Amino acid sequence: MKNLRALIKVEAYFTLRNWQSLVMAIGMPLAFYLLFSGIYQAEMPYSYRVFMMISMTASSLLSFNVFALPYNLTADKHNNWRRFLHHSPVSVVQYYLVKALRFVLLYSLAIGVVFSFGGLVRQITLPAGDYFMVILILLVGMIPFSFIGALISYLPSEETISMVGNIAFMAMSLLGGLWMPLMFFPQWMQNLAKWIPSYHLMQIIQNWYTNRVWAWDSILALIAYGICFLILIALVQRKIEVK
């Protein structure tokens, strides 16, 4: 328990030290949400306004995975933090458990901020059960995206990590339908979106919220993406260990 408390203090320190990235990860999607919801609020059905709030929240969580997580893992590697942990009483399981706890708390903060603005500024209110299910789907649905962030962290330089992270964020936010409904896109882009993980996350939420049914094809797609990313991580890690 002492080891866990020590790790939690370290993660809290690094989180507070990098408060600028925290503000950007929450602030940019929130600004987009307030801007677009304000422009189209008059003619936009209530269900679309709800879905916009949820999709912008998902965009905020996604930014943690493709920006904050790779840099965090890379910093641990460059600072020899992992090597130090191998020679300490802290286990690898405890290390990743605290790391996961850190990002769950960051996700929860982003969800709380965007949903609060949705309620206070855009008068979006949902039953408690709907809030619970949407938040649960967002948190569980972020697991495959965290694997993407872990995979990005293996890239050789911070410049490459930044470039790939930006491309991944833009592709999954725009083509995945987080920033704009896919109906406004050409047909070929709508077809391409079905290969984007974030598209399937939003399909799960949309189908549950509107019809109270589970989009099993999208659930299986996210599971498949998660398994593929885990396999890639294992292969890359094995290659590094061999070297």
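Only a predicted model underlies this, so the values are computations on that prediction, with no experimental measurement involved.

What follows covers the overall build of the chain. Helix and strand counts for the chain stand at eleven helices and zero strands. Along the chain, from the amino end to the carboxyl end, the secondary structure elements read α-α-α-α-α-α-α-α-α-α-α. At a minimum sequence separation of 6, the contacts of the chain that also span at least 24 residues come to 75%.

Within the secondary structure, Leu 106 sits in helix H5 (residues 92–120). For the pair formed by Leu 106 and Leu 61, sequence separation is 45 residues and the distance between their alpha carbons is 8.1 Å.

Time to look at the packing of helix H10 (residues 197–211) against helix H11 (residues 216–242). One can describe the packing of H10 onto H11 by two numbers: an axis separation of 8 Å at closest approach and a directional angle of 145°. Seen from above, H10 lies across H11 with left-handed handedness. Between H10 and H11, the residues in contact are Pro 197, His 200, Leu 201, Gln 203 and Ile 204 and Ser 218, Ile 219, Ala 221, Leu 222 and Tyr 225, respectively. Among the residues making up the contact of H10 with H11, the classes are represented as seven nonpolar, three polar and no charged.

The subject of this paragraph is the pattern of salt bridges. For the structure shown, the criterion picks out one salt bridge. With its nearest N and O atoms 2.7 Å apart, the salt bridge here joins Arg 212 to Asp 130. Of this pair, Arg 212 sits in the loop between H10 and H11 while Asp 130 sits in helix H6 (residues 128–141); the two residues are 82 residues apart in sequence, bridging distant segments of the chain. What makes Arg 212 partly exposed here is its relative accessible area of 44%. By relative accessible area, Asp 130 is classed as buried at 9%.

With that settled, the discussion passes to the layout of surface pockets. The volume enclosed by the second largest pocket comes to roughly 640 Å³. Forming the walls of the second largest pocket are 24 residues, and the residues nearest its centre are Met 180, Pro 181, Leu 182, Met 183 and Phe 184. Of all the secondary-structure elements, those providing two or more residues to the lining of the second largest pocket are helix H2 (19–40), helix H3 (46–78) and H10. If one sorts the elements of the lining of the second largest pocket by residue count, H3 sits on top with five residues.

Glancing now at H3. Compared with an ideal rise of 1.5 Å per residue, which puts 33 residues at 48 Å, H3 spans 48 Å between its outermost C-alpha atoms and is within 8% of the ideal. Remark: the principal bend of H3, roughly 30°, maps to Ala 68, with a proline, Pro 70, within the next four residues. With respect to burial, H3 is a largely interior element, 24 of its 33 residues being buried.

What follows deals with the packing of H6 against H10. Running from N to C, H6 and H10 point in directions that differ by 165°, and their axes come no closer than 10 Å. With respect to H10, the element H6 is oriented roughly antiparallel. When you trace H6 past H10, the crossing you get is right-handed. Residue-level inspection shows Gly 129, Asp 130, Met 133, Ile 137, Leu 138 and Gly 141 of H6 in contact with H10, the latter providing Leu 201, Ile 204, Ile 205, Trp 208 and Tyr 209.

Okay, unusual backbone geometry next. One non-glycine residue with positive phi stands out, namely Gln 123, at about 55°. Within the secondary structure, Gln 123 sits in the loop between H5 and H6. We note that Arg 212 has phi near 60°; this positive angle belongs to a residue other than glycine.

Among the nonpolar cores identified, the biggest contains 62 residues, and Phe 64, Val 66, Leu 138, Phe 145, Met 172, Leu 201 and Met 202 are the most heavily contacted of them. In terms of residue count, H3 provides more of this core than any other element does, 13 residues in total. What Met 172 contacts, discounting residues up to four positions off in sequence, is Leu 62, Val 66, Phe 145, Ile 148, Gly 177, Leu 178, Ile 196, Pro 197 and Ser 198.

Summed over the entire model, instances satisfying the criterion amount to five aromatic pairs. Taken together, a centroid distance of 6.4 Å and an interplanar angle of 55° make the contact between Phe 64 and Tyr 107 tilted. With Phe 64 in helix H3 and Tyr 107 in helix H5, this pair connects stretches of sequence that are 43 residues apart. Both residues of the pair, Phe 64 and Tyr 107, belong to the buried class. Relative to Phe 169, the ring of Phe 67 has its centre 5.4 Å away and its plane inclined at 55°; by these criteria the two rings are tilted. With Phe 67 in helix H3 and Phe 169 in helix H8 (residues 158–175), the pair connects residues that are 102 residues apart, well separated along the chain.

Rules behind the numbers
- Residues numbered from 1 in each chain as written.
- Predicted model: local features only at pLDDT ≥ 70, side-chain atom pairs only at ≥ 80, totals over all residues.
- Heavy atoms only, no water.
- Helix = DSSP H or I, 4+ residues; strand = E, 2+ residues; numbered from the N terminus.
- Contact = heavy atoms within 4.5 Å.
- Axes fitted to C-alpha atoms, helices over the stretch in contact; angles between N-to-C directions.
- Left-handed = near helix turned anticlockwise from the far one by under 90°.
- Nonpolar A, V, L, I, M, F, W, Y, C, P; charged D, E, K, R; others polar.
- Salt bridge = Lys/Arg side-chain N within 4 Å of Asp/Glu carboxyl O.
- Buried < 20%, exposed > 50% of the residue type's maximum accessible area, 1.4 Å probe, protein only.
- 1 Å grid on protein atoms, 1.4 Å probe; cavity = no way out; pocket = protein on both sides within 12 Å on 5 of 7 lines; lining within 4 Å.
- Points joined across faces, edges and corners; volume = space filled by probe spheres on them.
- Expected span 1.5 Å × (residues − 1).
- Bend = angle between axes of the 7 residues up to and from the residue.
- Parallel < 35°, antiparallel > 145°, perpendicular 65-115°, else oblique.
- Core = buried A, V, L, I, M, F, W, Y, C linked by side-chain atoms within 4.5 Å.
- Phe/Tyr/Trp six-rings, centres within 6.5 Å; stacked < 30°, edge-to-face > 60°.

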